[in-house]
Amino acid sequence: AYITVYVLWLHLIFITIIPFLVLLWLNRVIFKKLSEANLPIRRSGDNVLRKREARMARISILIVIMFLICHTPKIIPSVCEIIYSKPGLIPGMIEISHLLLIINCSMNFLIYYCSSGNAVLNIFNLRRNYR
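Everything in this summary refers to the structure shown in the same document. None of the values given here were measured: they were computed from a predicted structure.

What counts, and at which threshold
- Residues numbered from 1 in each chain as written.
- Predicted model: local features only at pLDDT ≥ 70, side-chain atom pairs only at ≥ 80, totals over all residues.
- Heavy atoms only, no water.
- Helix = DSSP H or I, 4+ residues; strand = E, 2+ residues; numbered from the N terminus.
- Buried < 20%, exposed > 50% of the residue type's maximum accessible area, 1.4 Å probe, protein only.
- Contact = heavy atoms within 4.5 Å.
- Areas by Shrake-Rupley, 256 points an atom, 1.4 Å probe, with all protein chains shown as cover.
- Axes fitted to C-alpha atoms, helices over the stretch in contact; angles between N-to-C directions.
- Left-handed = near helix turned anticlockwise from the far one by under 90°.
- Nonpolar A, V, L, I, M, F, W, Y, C, P; charged D, E, K, R; others polar.
- Phe/Tyr/Trp six-rings, centres within 6.5 Å; stacked < 30°, edge-to-face > 60°.
- Core = buried A, V, L, I, M, F, W, Y, C linked by side-chain atoms within 4.5 Å.

### Side note on the overall build of the protein chain
Summing up its helical and strand segments, the protein chain has 5 helices and 0 strands in all. A buried classification covers 19% of the 131 residues belonging to the protein chain. Sequence-distant contacts in the protein chain: of pairs separated by 6 or more residues, those separated by 24 or more amount to 61%. As displayed, the protein chain has an accessible area near 10000 Å², and 68% of this comes from carbon and sulfur atoms.

### Things to note about the packing of helix α1 (residues 2-35) against helix α3 (residues 75-84)
As a packed pair, α1 and α3 sit with axes 11 Å apart at the nearest point and diverge in direction by 150°. With respect to the hand of their crossing, α1 and α3 are arranged in left-handed fashion. Contacts between α1 and α3 pair Leu 8, Trp 9, Leu 12, Thr 16 and Phe 20 from the former with Ile 75, Ser 78, Val 79, Glu 81 and Ile 82 from the latter. Its residues assigned to classes, the contact of α1 with α3 shows 7 nonpolar, 2 polar and 1 charged.

### A word on the packing of aromatic side chains
For the structure shown, the criterion picks out 1 aromatic pair. Look at Phe 20 and Phe 67: their rings are 6.1 Å apart centre to centre, the planes differ by 55°, and that puts the pair in the tilted class. With Phe 20 in helix α1 and Phe 67 in helix α2 (residues 47-71), the pair connects residues that are 47 residues apart, well separated along the chain. You can call Phe 20 buried: its relative accessible area is 13%.

### Regarding the side chain of Ser 97
Positionally, Ser 97 belongs in helix α4 (residues 93-116). If sequence neighbours within four positions are ignored, Ser 97 has contacts with Pro 73 and Lys 74.

### Some details on the environment of Arg 55
Of note, Arg 55 is situated in helix α2. When the C-alpha positions of Arg 55 and Ser 116 are compared, they lie 9.3 Å apart, and in sequence the two are 61 residues distant.

### Some thoughts on α3
When we look at burial in α3, the residues that qualify are Ile 75, Pro 77, Cys 80 and Ile 82. Looking at the buried positions of α3, the neighbouring elements they touch are α1, α2 and α4. Residue Ser 85 follows α3 closely and has a positive phi angle near 60°.

### Side note on the nonpolar core
Core analysis: the largest hydrophobic core is formed by 7 residues, namely Leu 8, Leu 12, Phe 20, Val 64, Leu 68, Ile 75 and Ile 82. If you list the elements that add at least two residues to this core, you get α1, α2 and α3. Per element, the largest residue contribution to this core is 3 residues, and it comes from α1. Not counting residues within four places of it along the chain, the set of residues in contact with Leu 8 comprises Ile 3, Glu 81 and Ile 82. Membership of the second largest hydrophobic core comes to 5 residues, among which are Ile 59, Ile 63, Met 66 and Cys 70.

The structure is reproduced here in structure tokens:
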């Protein structure tokens, strides 16, 4: 009973479900603010800063979407263990969820790289020039 309640249920609720819901809600709020074309993103009204903030918000939303997609299969073995008391009920699901976690970590760099263009290359070139 201890393992079922404290380890499985509380882990599922506080480590998985609540953070997912908070991320979804916050990104919905960000997306809603971005889609409101009439309201400025910054009070200064500077167009360059506004475009930069919109791009960074889109990057952030994309990273969170990737996070949610890659972490969702992690819930399936936990739910199977709560319902059926067998974590390995679906063969290979734990391995797939671990692979998706690694893919998620790798994709963040690619998302930043593709969205920033030459900025990442400039950082690496500056670092190489100082050596």
